[in-house]
There are 2 protein chains.
Amino acid sequence: MKDVAARAGVGLKTVSRVVNGEAGVTADTERRVQEAIEALGFRRNDSARVLRKGRTASVGLVLEDLADPFYGPLSRAVEEVARAHGALLINGSSAEDPDREQELALALCARRVDGLIVIPAGADHRYLEPEMRAGIATVFVDRPAGRIDADVVLSDSFGGARAGVAHLIAHGHRRIGFIGDQPRIHTAVERLRGYRAAMEDAELAVDDAWVSLGSTEPRRVREALAAMLSGPNPVTAVFAGNNRVTVTAVRELAGREGPVAFVGFDDIELADLLGITVIAQDAAALGRTAAERLFRRLDGVDDAPARTVLDTVLIPRGSGEIPPAQEVSAQGRRPR
Amino acid sequence: MKDVAARAGVGLKTVSRVVNGEAGVTADTERRVQEAIEALGFRRNDSARVLRKGRTASVGLVLEDLADPFYGPLSRAVEEVARAHGALLINGSSAEDPDREQELALALCARRVDGLIVIPAGADHRYLEPEMRAGIATVFVDRPAGRIDADVVLSDSFGGARAGVAHLIAHGHRRIGFIGDQPRIHTAVERLRGYRAAMEDAELAVDDAWVSLGSTEPRRVREALAAMLSGPNPVTAVFAGNNRVTVTAVRELAGREGPVAFVGFDDIELADLLGITVIAQDAAALGRTAAERLFRRLDGVDDAPARTVLDTVLIPRGSGEIPPAQEVSAQGRRPR
DNA sequence: GTGAAAGCGCTAACAG
DNA sequence: CTGTTAGCGCTTTCAC
């Protein structure tokens, strides 16, 4: 910038004015400055600008895994809102590791992002308190913040799971299995709670063997599924706690003989063709809502932290409407 | 930091040493500084650090759409490599708009990312020349750079498409359709070239009505498909140019009567259950390879820009092995 | 309308 | 081992 000023024969501040489109520069002067900028291939150094202005025009997003088809659209939605506010998005994957979540969140704070959106992997976010006090607006999404008071945007995991299981019950099932994510993940617990509530609503007892929380690794899901489908008291229907579980469960069930009814939490691509009934949540809406709240905070709105819960939708496509095997024998499943 | 120094009763540089874990500080002094840091909730301001050091320890990635299941894993792979090198990843979506690509790439350069990975939307990247000369290492991935000499990492679009179409030909098809992305996208053109090469290899003529390039919007794809399946000279097999086209085509074909053979470029989730034969490319490997090349550049390796081409794999799953409807009955086999 | 000087928070390069 | 000084490139303030 110094070089540009020298070449154009003007002061430093004048170049700054031109670069930032501020008023108070003659058309002629401006032209001379523009020429110098062009000739020198000058581009403003935003690091220096940030240092001076205090705002970085960027927001951070800590999520679980960018490669997960649920988080991709969420991140994209945040990006679009950020873009509308002239901000860039820096996102990082925690890989569901609380330490890595913290490391990433603090690294983003050190970069002085204006705001932070976090999909919690851990259960304790007090480490963010100093940062929030220092002025970094923070919104939690998909899962609530732990041990800290902050804005939260969630899907209705409890209600969604309850509706999905009630749907299976309405179709005649009495023995229903639940396979979910790790018990330290809030949504997993909420969805299990929804499952239990639906069973209780229908006055159905739950056999411990029907419930399995744990990793979403295919092997773990396969074993859980096999266990609840065999044994003395096998289930006739299965509810899956998230998209990863659904994918593996659908694969397994497709390879089996008898029909097993199925409903999964989260919609997945081509589920329509496979006839999979799901409880769909809107990942993009989740991201958009969280980002909008964040920017409202950045615009100075300072009301109490709020919890927003977005509805889920039951989409019947066939797999959830299969009656229990005993009641109606071998009703064909849809091929391909 | 000044405050920390004052509170700990030490010099500024000593605090800097502690914060950066440099040697040359007594255990006792260090403890005092740590206490002050704790008490004041101090966190180093990376903007200032960057300004001083010249390196931001961040890389930029300009891609088409983070919500696309092909780019999610690619981005994640880049992130992992960046993380291994202590760098953060800033990514932005161009939405397949050349202007937006340029805007984003330049914004990242203004932030002084150390390196840039670009999935081109546009065909002319000379706008990056000054930046590259100014020291921002740049690698193009998935599609080649336009009018500029730079590192490029690609999948073998031509070879993959050729193999896929040859596969259909080997299964008896003579009239094969091709539906691809916009003709200004390099991979679309390459894949079409592969299609033509395979047809030529088999000495098959190509009817113009069988080939359709354009948007991947479902409506456009549906219309293209309907057109080549009706008319005087209908195709018996279809090759899809990318994942988006595949999804729509598979939906459409599932709703039709007669069997139409199908092979798609790009693997998609649950394609195994749907029995879709695909040419799979490894998005993660693409990202990893590009990122590794980028960091090699950042480590000072300065050989000539190279073009790396990754192989694709044909995965037969059923849809590509269906024989043509007419031929089967002509040979007297009973269709079932 | 324009420019000189001060300083954002940090680190490199030297002193002590 | 520790501290002082001088900037990194920009914007802010205030004078011209």
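Predicted model, so just to flag it, every value in this text is computed and none were measured. (Residues numbered from 1 in each chain as written. Chains lettered and ligands numbered in written order. Predicted model: local features only at pLDDT ≥ 70, side-chain atom pairs only at ≥ 80, totals over all residues. Heavy atoms only, no water.)

Examining the overall build of chain A
Moving on, step 1. When helices and strands are tallied, chain A shows 13 helices and twelve strands.
Moving on, step 2. Against the 2.2 N^0.38 benchmark of 20 Å for 336 residues, chain A shows a C-alpha radius of gyration of 26 Å, more extended than a compact globule.
Moving on, step 3. Considering only C-alpha atoms, chain A reaches an extent of 90 × 40 × 30 Å along its principal axes.
Moving on, step 4. Here chain A holds 336 residues, and the buried ones make up 54% of them.
Moving on, step 5. In chain A, the share of contacts with a sequence separation of at least 24, taken over all contacts with a separation of at least 6, comes to 65%.
Moving on, step 6. Per element, the accessible surface of chain A, about 14,600 Å² overall, is 47% carbon and sulfur.
Moving on, step 7. Averaging the locations of the 43 positively and 48 negatively charged side chains of chain A gives two centres separated by 5 Å. (Helix = DSSP H or I, 4+ residues; strand = E, 2+ residues; numbered from the N terminus. Rg over C-alpha atoms; globule rule 2.2 N^0.38 Å. Buried < 20%, exposed > 50% of the residue type's maximum accessible area, 1.4 Å probe, protein only. Contact = heavy atoms within 4.5 Å. Areas by Shrake-Rupley, 256 points an atom, 1.4 Å probe, with all protein chains shown as cover. Lys, Arg positive; Asp, Glu negative; His and termini not counted. Charge placed at Lys NZ, Arg CZ, Asp CG, Glu CD.)

Details of the UniProt feature "domain: HTH lacI-type" (unreviewed entry) in chain A
Moving on, step 1. Sites flagged by UniProt as "domain: HTH lacI-type" (unreviewed entry) map to residues 1-53 of chain A.
Moving on, step 2. Taken end to end, residues 1-53 of chain A has its terminal C-alpha atoms 17 Å apart, with 70% of it in helix and 0% in strand. (UniProt positions renumbered as here; feature names shortened; annotations may be inferred.)

Digging into empty space enclosed by the protein
Which parts of space are left empty comes out when a probe the size of a water molecule is rolled across the atoms.
Moving on, step 1. According to the stated counting rule, one finds one cavity of 30 Å³ or more in the structure shown.
Moving on, step 2. Considered as a void within the structure, the largest cavity measures approximately 240 Å³ in volume.
Moving on, step 3. Forming the walls of the largest cavity are 15 residues, and the residues nearest its centre are S47(A), R111(A), S47(B), T56(B) and R111(B).
Moving on, step 4. Counting only elements with at least two residues in the lining of the largest cavity, the list comes to helix 4 (46-53) of chain A together with helix 4 (46-53) of chain B.
Moving on, step 5. Each residue belonging to the lining of the largest cavity can be placed in one class, and the counts come to five nonpolar, six polar and four charged. (1 Å grid on protein atoms, 1.4 Å probe; cavity = no way out; pocket = protein on both sides within 12 Å on 5 of 7 lines; lining within 4 Å. Points joined across faces, edges and corners; volume = space filled by probe spheres on them. Nonpolar A, V, L, I, M, F, W, Y, C, P; charged D, E, K, R; others polar.)

Comments concerning the sheet that holds strand 8 (residues 237-240) of chain B
Residue and element names in this part refer to chain B.
Moving on, step 1. Reading across from one edge, 7-6-8-9-10-12 is the order of the six strands in this open sheet, with mixed pairing throughout. Each edge of the sheet is formed by a strand with only one pairing partner; in this case those strands are strand 7 (211-213) and strand 12 (313-315). Put simply, the sheet's adjacent strands are angled 15° from each other on average, direction ignored.
Moving on, step 2. Direction of pairing for strand 9 (residues 261-265) relative to strand 10 (residues 277-280): parallel, over a ladder of three bridges. For G264, the partnering residue across the bridge sits in strand 10 and is V278.
Moving on, step 3. Along the sheet face, helix 9 (residues 186-201) touches strand 6 (176-180), strand 7 and strand 9 and points at about 170° away from the line of strand 6.
Moving on, step 4. On the sheet, helix 10 (residues 218-229) packs against strand 6, strand 7 and strand 8 and is oriented at approximately 165° with respect to strand 6. (Pairing = 2+ DSSP bridges. Axes fitted to C-alpha atoms, helices over the stretch in contact; angles between N-to-C directions.)

A word on the pairing of strand 1 (residues 58-63) of chain B
All names here are of chain B.
Moving on, step 1. Taking burial as the measure, the six residues of strand 1 include six buried ones, the bulk of the element.
Moving on, step 2. In strand 1, alternate side chains face the same way, and those of S58, G60 and V62 on one face and V59, L61 and L63 on the other are all buried.
Moving on, step 3. In terms of strand pairing, strand 1 meets strand 2 (residues 88-93) through six bridges, oriented parallel. Its bridge partner being in strand 2, L63 is matched across the sheet by S93.
Moving on, step 4. Regarding the hand of the β-α-β motif, the stretch spanning strand 1, helix 5 (residues 71-84) and strand 2 is right-handed. (Right-handed = clockwise from strand over helix to strand, strands pointing away.)

Some points on the sheet that holds strand 9 (residues 261-265) of chain A
Residues and elements named next belong to chain A.
Moving on, step 1. A sheet is described by the order of its strands in space; here six strands give the open sequence 7-6-8-9-10-12, paired in mixed fashion. With one partner strand each, in any of the chains shown, strand 7 (211-213) and strand 12 (313-315) form the two edges of the open sheet. Within this sheet the neighbouring strands show an average axis-to-axis angle of 15°, counted without direction.
Moving on, step 2. Note that strand 6 (residues 176-180) and strand 7 share three bridges and pair parallel. For F178, the partnering residue across the bridge sits in strand 7 and is V211.
Moving on, step 3. Here helix 11 (residues 243-254) sits on the sheet and contacts strand 6, strand 8 (237-240) and strand 9; the angle it forms with strand 9, its principal contact strand, is near 160°.

Digging into helix 2 (residues 12-19) of chain A
Moving on, step 1. If you check which residues of helix 2 of chain A are buried, you get T14(A), V15(A), S16(A) and V18(A).
Moving on, step 2. Downstream of helix 2 of chain A by a residue or two, G21(A) has a phi angle that is positive, lying close to 60°.

What to know about the protein's contact with DNA strand C
Moving on, step 1. Around DNA strand C lies a shell of 23 residues, among which T14(A), T26(A), T29(A), R52(A) and M1(B) are the nearest.
Moving on, step 2. In DNA strand C, the atoms that sit within 4 Å of the protein are 59% sugar and phosphate, with bases accounting for the remainder.
Moving on, step 3. Contact distances for DNA strand C include 2.9 Å between a base oxygen and a side-chain N or O atom of R17(A).
Moving on, step 4. In the model, a phosphate oxygen of DNA strand C is placed 2.9 Å from a nitrogen or oxygen of the N45(B) main chain.
Moving on, step 5. Elements represented by at least two residues in the surface near DNA strand C include exactly helix 2 and helix 4 of chain A together with helix 2 (12-19) and helix 4 of chain B.
Moving on, step 6. Tallying contributions element by element places helix 4 of chain B first for the surface near DNA strand C, with five residues.
Moving on, step 7. Taken together, the residues of the surface near DNA strand C break down into seven nonpolar, eight polar and eight charged. (Near = heavy atom within 4 Å. Polar contact = N/O pair within 3.5 Å; in protein donor to acceptor, adjacent residues only side chain to side chain.)

Things to note about the relation of the copies chain B and chain A
Moving on, step 1. Rotating chain B by 180° and translating it 0.0 Å along the rotation axis places it on chain A, where the RMSD comes to 0.1 Å. Here the transformation between the copies is reduced to the relation of a two-fold axis. Of every C-alpha in chain B, the one belonging to I90(B) sits nearest the axis of rotation, 2.3 Å from it.
Moving on, step 2. Same-surface contact between copies: 100% of interface residues of chain B are shared with the interface of chain A. (Least-squares fit on C-alpha atoms with pLDDT ≥ 70 in both.)

Some thoughts on the packing of helix 10 (residues 218-229) of chain A against helix 11 of chain A
Residue and element names in this part refer to chain A.
Moving on, step 1. Relative to each other, helix 10 and helix 11 sit at 55°, their axes nearing to 9 Å. In terms of their interaxial angle, helix 10 and helix 11 are classed as oblique. For the crossing formed where helix 10 meets helix 11, the hand is right-handed. Facing helix 10, whose interface residues are P218, V221, R222, L225 and L229, helix 11 presents V245, T248, A249, E252 and L253.
Moving on, step 2. Considering only residue class, the contact of helix 10 with helix 11 consists of seven nonpolar, one polar and two charged. (Parallel < 35°, antiparallel > 145°, perpendicular 65-115°, else oblique. Left-handed = near helix turned anticlockwise from the far one by under 90°.)

With respect to the interface of chain B and chain A
Moving on, step 1. Chain B puts 50 residues into the contact, and the matching count from chain A is 53 residues.
Moving on, step 2. Inspection of the region where chain B meets chain A yields 13 salt bridges.
Moving on, step 3. The salt bridge partner of D272(B) is R251(A), with a shortest N-O separation of 2.3 Å.
Moving on, step 4. Elements with a contribution of two residues or more to the side of chain B that touches chain A: helix 4, helix 5, strand 2, helix 6 (98-110), helix 11 (243-254) and helix 12 (271-274) of chain B.
Moving on, step 5. Residue contributions to the side of chain B that touches chain A peak at seven residues, all from helix 5 of chain B.
Moving on, step 6. Considering only residue class, the side of chain B that touches chain A consists of 24 nonpolar, nine polar and 17 charged. (Salt bridge = Lys/Arg side-chain N within 4 Å of Asp/Glu carboxyl O.)

Digging into the packing of helix 8 (residues 157-170) of chain A against helix 9 (residues 186-201) of chain A
Residue and element names in this part refer to chain A.
Moving on, step 1. Where helix 8 meets helix 9, the closest approach of the two axes is 7 Å, and the angle between their N-to-C directions is 40°. One finds that helix 8 runs oblique with respect to helix 9. Note that helix 8 runs across helix 9; the crossing there is right-handed. Note on element contacts: helix 9 touches helix 8 through T187, E190, R191, R193, G194, Y195, A197, A198, M199 and D201, opposite S157, F158, A161, R162, V165, A166 and I169.
Moving on, step 2. Among the residues making up the contact of helix 8 with helix 9, the classes are represented as nine nonpolar, three polar and five charged.

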